[in-house]
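Listed here are the chains, written in short residue letters.
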Amino acid sequence: MAETDPDLAEAVVENTRRYSNLFADVVHDMLPDYKEKDVVHKDSLDVYIEHRLLMQQRNHPDGGEATRDPRNQYPAELMRRFEIYFKAPSQQKHVAIREVKAQSIGKLTCVKGIVTRATEVKPMMIVATYTCDQCGAETYQPISSPQFMPLLMCQSQDCQTNRSGGRLYLQTRGSKFVKFQEVKIQEHSDQVPVGSIPRSMSVFCKGELTRLAQPGDHISIMGIFLPMLRTGFKQVAQGLLSETYMEAHRVTKMNKTEDDELEAEELTEEEIKQVAEDDFYDKLSCSIAPEIYGHEDIKKALLLLLVGGVDRSPKGMKIRGNINICLMGDPGVAKSQLLSYIDRLAPRSQYTTGRGSSGVGLTAAVMKDPLTGEMTLEGGALVLADQGVCCIDEFDKMMDGDRTAIHEVMEQQTISIAKAGIMTSLNARVSILAAANPAYGRYNPKKSVEHNIQLPAALLSRFDLLWLIRDQADRENDLRLAQHITYVHQHNVQPPSQFTPLDMKLMRRYIALCKTKQPAIPEALSDYITGAYVEMRKEARNSKDMTFTSARTLLGILRLSTALARLRLSDVVEKDDVNEAMRLMEMSKDSLNTSQEHTGRTQNVTDQIFAIIREMAPPKGVKSVKMTDIMELCTSKGFKPTNIDECIEVYEELNVWQTNQAKTKLTFV
């Protein structure tokens, strides 16, 4: 329209509501001219329309419509089987939700945001049809506002002439309803100015625009910004204020970071060739966060997390295919940067932090619906990230009560709820990527791994891979890392490497293509995997390592190997996939076990006894310990009494503690 008549296009944008009615009337008049063949009537509304047209021709063959009351004529809305929507010119920019103000009322506006809630689809009356109990005439009432006042007295000529005063009764079958859904969108976090909280807006979707968006989607909406008309008691209760809403004309899904729409087109041959080279596995993993130096194996694991394994459901039981990964490490090893990159790359994801999220915020909250007043469930971060990735930062700083909410999600992939009379089970088929610091802030190599991690074993066994990222001093490595960081800081791009990283859009589409494959494990490989698992159990039993090897480890290997087969766009898992999956498992275990080698110098007997006594001292109040307790505990640990006395004397000379004259009590200075 903008090409043929730019003035008209501008007028439509300025006054869309009026023009949509005008266009609907024009299309309604023109449609019969373009009719090529008779269409078979599909539903009851078609039959109703046909019957009404026949009745009209039979009752008024000479076209004597002028004598009838306009309320008894068929309104145009009742006879239409089409909807008119406008699409704004392509050069029109998106407006931030908080910038939609009074000057936008009645105009065609484009906004984008995240869907926070979408109500269920309900029928909304557009034309009310009444029949008279005296003369049987039909009366029609088009409705344009949210509420309406029903007609009571019949206005037809028969009733007027006879003065019979017929009462009107609403006929639901003869009325016209359209699908109606209310969607609430919230502005993107990057559009929020300093110190403000995100604004939200109600969007009314009708007809074919319903069911296009689910909570958690990033969408762009073109529509008319309008004030809400209220009548009767609601207007009195509302006072002088007026609510606003947007009437949707076009709803499209958006990419998360860029301003373009989510394309579902297939990859071209060239793009597949660009991805599928000999070393495409390394190439794809290096394309994940290329600005971050090193961490090659971790990036490979994150790539497999994005692709995911294959779900299996043998006879009602469900074995998850999603891969969960926990990154544990010292401060400053780019854990949070990796998490935020995955959050941007995954088509559907949520990012939360441990302290900033409660158990209810992760699972689901019971809310009162403002429209109907009944109790409804509002999905939390894990429900919104369904079929996607949920990144949880500062995992170790979460309350224990809140952390237990994740246990069920990580294995059963559901959230069971029994609150406020709502008993239900929500789907949360989500991969969890958690980042945590060790218990003491930095990893303490002198302590065991259980002391450092301090997460419950039930939670750790649910992670397929647990990586420990150590920040160890090494001259060559530190030099390369420092050069990499300064280069990125100076040029805003990653340094040149042997691969040119793929861009995010291509990665997204390739991962979506990988997810369509459902690879199976052949018979020959299953024996190999079981043999390897039994060996791993044996090693774990002999070496007493703290990473618990259970049946979940075996399922983890199967998930990783199916994800690797998906990455090759293959339908069968090969031996190389299983070997690579086991290599990643071993690497993640080695990252934990390396800590055992560098435990510092061996302590002599005196130092060991001193460490025991220091731990016995109470943390608060007077730091004193009874001598009998010291003797009892140290001898039970295999130290001789002479060694204990020697230790007490040595540290008393160093003025670390003092003993009383009777040698019954030891007090720290």
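The structure under discussion appears in the preceding block.
Residues numbered from 1 in each chain as written. Predicted model: local features only at pLDDT ≥ 70, side-chain atom pairs only at ≥ 80, totals over all residues. Heavy atoms only, no water.

A. Geometry of the overall build of the chain. A tally of helices and strands in the chain yields 23 helices and 19 strands. For 669 residues, the compact-globule formula gives about 26 Å, and the C-alpha radius of gyration of the chain, at 35 Å, lies well above that figure. Projected onto the principal axes, the alpha-carbon positions of the chain cover approximately 125 × 65 × 55 Å. By residue count, 42% of the 669 residues in the chain fall in the buried class. (Helix = DSSP H or I, 4+ residues; strand = E, 2+ residues; numbered from the N terminus. Rg over C-alpha atoms; globule rule 2.2 N^0.38 Å. Buried < 20%, exposed > 50% of the residue type's maximum accessible area, 1.4 Å probe, protein only.)

B. Local environment of the sheet that holds strand E16 (residues 465-469). Reading across the sheet, the five strands line up as E9-E12-E15-E8-E16 and stay open at both edges, with parallel pairing between neighbours. In the strand order of this sheet, the two ends are held by strand E9 (349-353) and E16, each with one partner. Across the sheet, the mean angle from the axis of one strand to that of its neighbour is 15°, orientation sign disregarded. Inspection of the sheet shows strand E12 (residues 389-393) paired to strand E15 (residues 431-436) by four bridges, in the parallel sense. Across the sheet, the residue bridging to Cys391 is Leu433, located in E15. (Pairing = 2+ DSSP bridges. Axes fitted to C-alpha atoms, helices over the stretch in contact; angles between N-to-C directions.)

C. Geometry of the state of the cysteines. For the structure shown, the criterion picks out zero disulfides. Take Cys326: it sits in no disulfide, and the sulfur closest to it among the cysteines is that of Cys391, at 12 Å. Summary of cysteine pairing: Cys647 is not part of a disulfide, and the nearest cysteine sulfur, belonging to Cys634, is at 7.7 Å. (Disulfide = S-S within 2.5 Å.)

D. Structural context of the pairing of strand E19 (residues 665-668). Only one face of E19 is covered, namely the face carrying Leu666 and Phe668; the face carrying Lys665 and Thr667 is uncovered. Alignment of strand E17 (residues 624-626) against E19, held across three bridges, turns out to be antiparallel. Following the sheet pairing, Ser624 is matched in E19 by Thr667. Bridge count for strand E18 (residues 657-659) against E19 is three bridges, and the pairing is antiparallel. By the bridge assignment, Gln658 is partnered in E19 with Thr667. Counting the residues that bridge the hairpin from E18 to E19 gives five residues, and of these Lys663 lies at a positive phi of roughly 55°.

E. Region of interest: the nonpolar core. Ranked by internal contacts, the top residues of the largest apolar core, which has 54 residues, are Ile288, Leu304, Ile325, Leu327, Ile342, Leu433 and Leu567. Those residues in contact with Ile325, other than ones at most four positions away along the chain, are Ala301, Leu302, Leu305, Ile432, Leu433, Ala434, Phe463, Leu465 and Trp467. (Core = buried A, V, L, I, M, F, W, Y, C linked by side-chain atoms within 4.5 Å. Contact = heavy atoms within 4.5 Å.)

F. Representation of the pairing of strand E13 (residues 414-419) in the model. In terms of strand pairing, E13 meets strand E14 (residues 422-427) through six bridges, oriented antiparallel. By the bridge assignment, Ser416 is partnered in E14 with Ser425.

G. Expanded view of the pattern of salt bridges. Taken as a whole and judged by the stated rule, the model has 21 salt bridges. With a closest N to O distance of 3.3 Å, Asp396 and Lys397 form a salt bridge. You can call Asp396 partly exposed: its relative accessible area is 21%. Classification of Lys397 as partly exposed rests on a relative accessible area of 34%. Put simply, Arg568 and Glu574 hold a salt bridge, and the shortest N to O gap is 3.7 Å. By relative accessible area, Arg568 is classed as partly exposed at 28%. Through salt bridges with shared partners, a single ionic network connects Arg320, Glu411, Asp464, Arg552 and Arg559. (Salt bridge = Lys/Arg side-chain N within 4 Å of Asp/Glu carboxyl O.)

H. Looking closely at the packing of helix H1 (residues 6-14) against helix H2 (residues 16-30). Packing of H1 against H2 brings their axes to within 6 Å, and their N-to-C directions diverge by 115°. Residues Leu8, Ala11, Val12, Val13 and Glu14 of H1 lie in contact with H2, whose contacting residues are Thr16, Tyr19 and Phe23. Across the contact of H1 with H2, the residue classes tally to six nonpolar, one polar and one charged. (Nonpolar A, V, L, I, M, F, W, Y, C, P; charged D, E, K, R; others polar.)

I. Region of interest: the packing of aromatic side chains. As enumerated under the stated definition, the model contains eight aromatic pairs in all. Each ring, one from Phe23 and one from Phe86, has its centre 5.2 Å from the other, and the planes form 90°; the classification is edge-to-face. Taken together, the positions of Phe23 in helix H2 and Phe86 in the loop between helix H4 (76-79) and strand E1 (108-118) put the pair 63 residues apart, joining distant regions of the chain. Owing to a relative accessible area of 23%, Phe23 belongs among the partly exposed residues under this scheme. Aromatic pair Trp657 and Phe668: ring centres 5.5 Å apart, planes at 90°, arrangement edge-to-face. Taken as a pair, Trp657 in strand E18 and Phe668 in strand E19 lie far apart in primary sequence, 11 residues in all. Residue Trp657 is classed as buried on the basis of its relative accessible area, which comes to 0%. Cluster of aromatic residues (ring-pair linked, three or more members): Phe610, Tyr651, Trp657 and Phe668. Looking at Arg403, its charged tip hangs above the ring of Phe395, at a distance of 5.8 Å from the centre. Taking NZ or CZ as reference, Lys575 lies 4.5 Å from the ring centre of Tyr528, over its face. (Phe/Tyr/Trp six-rings, centres within 6.5 Å; stacked < 30°, edge-to-face > 60°. Lys NZ or Arg CZ within 6 Å of the ring centre and 35° of its normal.)

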